[in-house]
Number of protein chains: 2
Amino acid sequence: MNLRIPGPTPVPQQVLDALSHPMVDHRGPEFSAVVKRVHERLPIFFQTKNDILSLTTAGTGGLEAAVVNVLSPGDTVLSVSIGNFGERLAKIAATFGANVVSDRYEDGEAADPARVQQALLDNPAISAVMITHNETSTGVTNDLQALAKVARDAGKLIIVDAVSSLAAIDLPVDEWDCDVVVTGSQKGWMVPPGLAFVSMSPRAWAAYEISTMPKFYFDLKEHKKSLAKGETPWTPVLPIYFGLDVALDMMLAEGLPAIVARHERIGQAARDGVKRLGCSLLAADERRASNTVTAVYPPAGVDVKTIRSGLRDEGFVVAGGQGGLSGKIFRIGHLGLVSDQDIADTLAALGRVLAKAAVPA
Amino acid sequence: MNLRIPGPTPVPQQVLDALSHPMVDHRGPEFSAVVKRVHERLPIFFQTKNDILSLTTAGTGGLEAAVVNVLSPGDTVLSVSIGNFGERLAKIAATFGANVVSDRYEDGEAADPARVQQALLDNPAISAVMITHNETSTGVTNDLQALAKVARDAGKLIIVDAVSSLAAIDLPVDEWDCDVVVTGSQKGWMVPPGLAFVSMSPRAWAAYEISTMPKFYFDLKEHKKSLAKGETPWTPVLPIYFGLDVALDMMLAEGLPAIVARHERIGQAARDGVKRLGCSLLAADERRASNTVTAVYPPAGVDVKTIRSGLRDEGFVVAGGQGGLSGKIFRIGHLGLVSDQDIADTLAALGRVLAKAAVPA
C-alpha cells in the first residue's frame, strides 16, 4: 500500500529496521547516547538555539504540553484558527481554563496578519497567540512569519502548532521569534508516531515560571532537567528514538534546504496534477496551499467515497475530510518520505479512478 | 546484554520483528483490526469486564489519566504509599488539586489493611484510595485483595497502580473490585514502552461524569468513543500496537495461570539466590516480596556501584535504587520475558562479581 495520508507517513526501511533494536536500560549509557545524538540534531531542523524537549506522546499531547506549560487559568489567549487543528489547540486551552478569544477563518482560508493585529488592539488582555503553521485538515499553510511578527510586535507570547510543517516546510524558529513550537515524529521526520517535540524560548520559560495550569506528565521543566543527563523523566518510547536516530542521519544527508525544496516541488506537482484531472483545491489562495498536504474537491458528480475506495483498490491510501469537510474533500499527504515519482504515481492512479467514475458502465 | 531491570523488559524477537511493520493509516481497516484484536485480549489479563483504554504514553501518563478522569480539585484522597511510585501517584493527585491524605510506609514495608481501615474511619471525607499493587522501587507487593476490600467496604473508589504487576502477578480486577487499574506495555507484556492501559469500572465512569480535573489528551471518554470504532482519538504509536498484537499471542499460548506461576517460581529463585550469596532483601516481610522485581542490599562492605558495574562487565544490567535508596540497594527485574535459566545466569554472574569484590587483589 502506498500511504499518501498526512501522517503517519511512510517510514524508510532502514528506520523500520532500527525500530527492532533490542531493549536497553533507558537510564543506561547506550540509550543516553541515543538521546544526546537526537537532541544535538533536532535544533538543526527547528533552526533554533531554544531548548527542545522530546515527549512520549502523540502530537496532540505535544499541543497540550505547549499550552499547560506557559499559560494559567484565566489567561486571555487569541486562537487564530483556520481549521480542525486550530480548533483543537483552542479547545485544549479552554479545557485547562484559559479565556480563549476565538478567531475562526473559513475552511480553506489562511489567517490574515492585519486581522490578528486588530484583534490584539481590540483586546489588550490577550497575553498569548496560538497559531497553526500548517493546517492539516484544510491543506493551508499560514504566513507564520507575518503572523508571528504582528504578535511579537504586540509583545505577545507565540504558541505554534507546527506538527505537519516542521522539517518539511521552512520554519526558522529563531528568525521568526516563535516561543513555543510543537511538532510530531510521524510527519516530516519519517518515523512512526509516538514522539512529540516542543521548543521553548527564554520568554516561554519565563512564562513557565508563573504558569499555574496543572502539569505532571507534560511538565517540560522535568524534561529539561532529565535531558541534561541524557534522560527523560518518564520511561520513553525507545523504538521511536532508535528510528529517529537513523532518520536524522538521512535528513542531514539530504539537508534541510533540499528537503524544503523537495516538498515545494512535490506540493506544486500535486496541485497541478489534481487540477489537471478536473479537481479543485480547498485552499482559497493557492499561494497559501500547503506543501505537505493537498486538500482536494473532487470533480462535480464524483463522490469522495468512490475516489478513496477506488484509490485503495489501486494501492493508494489517501485521507478523507475531517469534521464538516467529511465527504466533501479528500486529502493527499506528501511529506516526509515522498519522491516526485510517488506523487506522479498517485496522480496517475487518481486519473484512472476518475476516468472510471466518470464513464458509466 | 541481559536486561534484568524492572522495565523496559526484554522483548522477544518475534515482537521486535513486528515493530518494523510498515506504517498504515491509523484510521483505516488494517489498523482497526489490530486495535480490535488487542482490545479483545487485554481483558483476559486484567480479568475484567470493565472497559480498558489504551493510551500512547508512558506508565506515568497512565497514572495521570487514572487520577484526572475520576477526581476533582478539592477531593480528599488517601494515598497508601510504600515507595517512590506511591509518592508519584500522590504527587499527580496533588498537582491537579486533590487534597491528598498521605500514609507513607517505611521502604520495604507493605501496606497494612487495618491501618487503611483506620485512616478511612478517621477521615470520612476521603472519597478515593490510591494504592500501588507492586512497588517497583522497593520490590514489595501489597496485599491488594485485602486493601481493596477495606476500601470497598468503606464505599471508596479504588485507584490502583498495577504498572509492574499486571499480567505477571495475579490481579483479578473484577473479583477484587478495583475501579481504576493502570499498567504499562514495557512490563509484564513483553513489548517496548509507549502504551499504558487503564481499566475503568462502572463506578469509575460515574466518577468521570462529575470529575472536574482538566483533561484533554488523557480524556478516557474520548478513548472509549474512538475504541468503539476500533480507533484511538489521537494518532497512536502504531509499532507498539503491532508488537503487542504478537506478544498477546505468546501470552495466550502460555496462559495467565502459567505466567503467574512462572513469575512466582522465578521470584522465589531470585530471593533464595541473593540470600545464598550473602545479600539481604529490602522487603521487610518476605511473604510480601515482589515476584517481578527483587530489591537487594549487598553484603556488608560491598558497594552497589561495584556490583552494578561488575554485572555490566559480565553482560547483565540491573537497576540501582531510586531516591533515598540510591546507592543502598540494587534491583533485579524478573518480569515479562524471563526464564528460570535467565535468573540462574544472573545469580551466577552476581556470585562471580561478589567473589571478586570480597577478595582484595
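Residues numbered from 1 in each chain as written. Chains lettered and ligands numbered in written order. Predicted model: local features only at pLDDT ≥ 70, side-chain atom pairs only at ≥ 80, totals over all residues. Heavy atoms only, no water.

A. Up close: the overall build of chain A. Within chain A one finds 13 helices and 14 strands. In terms of overall dimensions, chain A is globule-like: its C-alpha atoms have a radius of gyration of 20 Å, near the 21 Å expected for 361 residues. Sequence separation of at least 24 residues holds for 73% of the intrachain contacts in chain A that already meet a minimum separation of 6. (Helix = DSSP H or I, 4+ residues; strand = E, 2+ residues; numbered from the N terminus. Rg over C-alpha atoms; globule rule 2.2 N^0.38 Å. Contact = heavy atoms within 4.5 Å.)

B. Representation of the sheet that holds strand 14 (residues 330-333) of chain B in the model. All names here are of chain B. Spatially, the five strands line up as an open sheet ordered 1-13-14-12-11, and their pairing is mixed. Of all strands in the sheet, those bounded by a partner on one side alone are strand 1 (2-4) and strand 11 (280-281). Where strand 12 (residues 293-297) and strand 14 come together, four bridges link them in antiparallel fashion. From the neighbouring strand, threonine 294 faces strand 14, where its bridge partner is isoleucine 332. Across the sheet, helix 12 (residues 304-313) is in contact with strand 13 (316-320) and strand 14; its angle to strand 13 comes to roughly 155 degrees. (Pairing = 2+ DSSP bridges. Axes fitted to C-alpha atoms, helices over the stretch in contact; angles between N-to-C directions.)

C. Main features of the interface of chain A and chain B. Counting from both sides, the interface comprises 50 residues of chain A and, opposite them, 50 residues of chain B. Between chain A and chain B the total buried area reaches about 3700 Å² when both faces are included, carbon and sulfur atoms providing 69% of it. Of all residues in chain A, Met23, Phe216 and Tyr217 of chain A give up the largest surface area on contact with chain B, accounting jointly for 17% of the area buried on that side. Here chain A is connected to chain B by two salt bridges. Here glutamate 30 of chain B makes a salt bridge to arginine 312 of chain A, at a shortest N to O gap of 3.1 Å. For the interface between chain A and chain B, the tally reads eleven residue pairs in polar contact (both at pLDDT 80 or more). (Buried area = accessible area lost by both parts, 1.4 Å probe. Salt bridge = Lys/Arg side-chain N within 4 Å of Asp/Glu carboxyl O. Polar contact = N/O pair within 3.5 Å; in protein donor to acceptor, adjacent residues only side chain to side chain.)

D. Seen up close, the relation of the copies chain A and chain B. You can overlay chain A on chain B at an RMSD of 0.0 Å; the transform is a turn of 180 degrees with a shift of 0.0 Å along its axis. What we have between these two chains is a two-fold relation. Proximity to the rotation axis, assessed at the C-alpha, singles out threonine 57 of chain A in chain A; its C-alpha lies 2.6 Å from the axis. Comparing interface residues between copies, 100% of those in chain A also sit at the interface in chain B, which points to an isologous, same-surface contact. (Least-squares fit on C-alpha atoms with pLDDT ≥ 70 in both.)

E. Geometry of the side chain of aspartate 103 of chain B. Residues and elements named next belong to chain B. In this structure, aspartate 103 sits in strand 4 (residues 99-104). A residue is classified by how much of its surface remains accessible, and aspartate 103, at 14% relative accessible area, is buried. A distance of 2.7 Å separates the side chain of aspartate 103 from the side chain of arginine 115, its partner in a polar contact. When residues no more than four places from it in sequence are discounted, the contact partners of aspartate 103 are Leu78, Ser79, Val80, Ser81 and Arg115. (Buried < 20%, exposed > 50% of the residue type's maximum accessible area, 1.4 Å probe, protein only.)

F. Looking closely at helix 4 (residues 84-95) of chain A. Residues and elements named next belong to chain A. Under the 1.5 Å per step criterion, the end-to-end length of helix 4 is 16 Å for twelve residues, consistent within 8% with the ideal 16 Å. What helix 4 keeps buried is the set Phe85, Gly86, Arg88, Leu89, Ala90, Ile92 and Ala93. Taken together, the buried residues of helix 4 touch helix 3 (59-68), strand 3 (76-81), strand 4 (99-104), strand 5 (126-132), strand 6 (134-135) and strand 8 (157-161). Where helix 4 terminates, the next one or two residues include glycine 97, which has phi positive at roughly 100 degrees. (Expected span 1.5 Å × (residues − 1).)

G. Structural view of the sheet that holds strand 11 (residues 280-281) of chain A. Residue and element names in this part refer to chain A. Ordered by their spatial adjacency, five strands build an open sheet running 1-13-14-12-11, and the pairing between neighbours is mixed. Single-partner strands in this sheet number two, and they are strand 1 (2-4) and strand 11. Both strand 11 and strand 12 (residues 293-297) contribute to a ladder of two bridges, which runs antiparallel. Note on strand 12: the bridge partner recorded for serine 280 is tyrosine 297. The strands touched by helix 11 (residues 256-276) within the sheet are strand 11, strand 12 and strand 14 (330-333), with strand 12 carrying the most contacts at an inclination of about 10 degrees.

H. Structural view of the nonpolar core. Counting residues in hydrophobic clusters, the biggest one holds 129 residues, and the most contacted among them are Trp189 of chain A together with Trp189 of chain B. One finds Met200 and Phe216 of chain A together with Ala204 and Trp234 of chain B within the second-largest nonpolar core, a separate group that totals 72 residues. (Core = buried A, V, L, I, M, F, W, Y, C linked by side-chain atoms within 4.5 Å.)

I. Region of interest: the packing of aromatic side chains. If you walk through the whole model with that rule in mind, you get 19 aromatic pairs over all chains. With centroids separated by 5.2 Å and ring planes inclined at 70 degrees, the aromatic side chains of tyrosine 217 of chain A and phenylalanine 218 of chain A adopt a geometry described as edge-to-face. The buried category is assigned to phenylalanine 218 of chain A, whose relative accessible area is 2%. Geometrically, the ring pair formed by tryptophan 205 of chain B and tyrosine 208 of chain B is edge-to-face, given 5.7 Å between the ring centres and 70 degrees between the ring planes. Of this pair, tryptophan 205 of chain B and tyrosine 208 of chain B both sit in helix 8 (residues 202-210), three residues apart, roughly one helical turn. (Phe/Tyr/Trp six-rings, centres within 6.5 Å; stacked < 30°, edge-to-face > 60°.)

J. Examining the pattern of salt bridges more closely. Residues and elements named next belong to chain A. For the structure on display, the rule yields 46 salt bridges over all chains. Residue glutamate 231 is joined to arginine 27 by a salt bridge in which the shortest nitrogen-to-oxygen separation is 3.1 Å. With a gap of 204 residues between them, glutamate 231 in the loop between helix 9 (220-227) and helix 10 (238-254) and arginine 27 in the loop between helix 1 (13-19) and helix 2 (29-46) connect regions that are remote in the sequence. According to the relative accessible area criterion, arginine 27 is partly exposed, its value standing at 36%. Measuring nitrogen to oxygen at the nearest pair gives 2.5 Å for the salt bridge that ties arginine 41 to aspartate 245. Note that arginine 41 is positioned in helix 2 and aspartate 245 in helix 10, a separation of 204 residues in sequence. Aspartate 245 shares its class with arginine 41; the two are buried. By sharing partners, the salt bridges in this structure join Arg37, Arg41, Asp245 and Asp249 into a single network.

K. Structural context of the environment of glutamate 40 of chain B. All names here are of chain B. Note on placement: glutamate 40 falls in helix 2 (residues 29-46). Since its relative accessible area comes to 58%, glutamate 40 is described here as exposed. Sequence-wise, glutamate 40 and isoleucine 52 are twelve residues apart; in three dimensions their C-alpha atoms are separated by 9.7 Å.

L. A look at the packing of helix 5 (residues 113-122) of chain B against helix 6 (residues 144-153) of chain B. Residues and elements named next belong to chain B. Look at helix 5 against helix 6: their axes get within 9 Å of each other, and the N-to-C directions meet at 20 degrees. Taken together, the axes of helix 5 and helix 6 are roughly parallel relative to one another. Judged by the sense of rotation from one axis to the other, the crossing of helix 5 with helix 6 is right-handed. Of the residues in helix 6, those touching helix 5 at Pro113, Val116, Gln117 and Leu120 are Ala146, Leu147, Val150 and Ala151. Residues that form the contact of helix 5 with helix 6 fall into these classes: seven nonpolar, one polar and no charged. (Parallel < 35°, antiparallel > 145°, perpendicular 65-115°, else oblique. Left-handed = near helix turned anticlockwise from the far one by under 90°. Nonpolar A, V, L, I, M, F, W, Y, C, P; charged D, E, K, R; others polar.)

M. View of helix 2 of chain A. Residues and elements named next belong to chain A. The terminal C-alpha atoms of helix 2, which comprises 18 residues, lie 26 Å apart, in line with the 26 Å expected from a rise of 1.5 Å per residue. Inspection of helix 2 places Phe31, Ser32, Val34, Val35, Val38, His39, Arg41, Leu42, Phe45 and Phe46 among the buried residues, and these make up the whole buried set. Among the residues trailing helix 2, glutamine 47 stands out with phi positive, at a value near 50 degrees.

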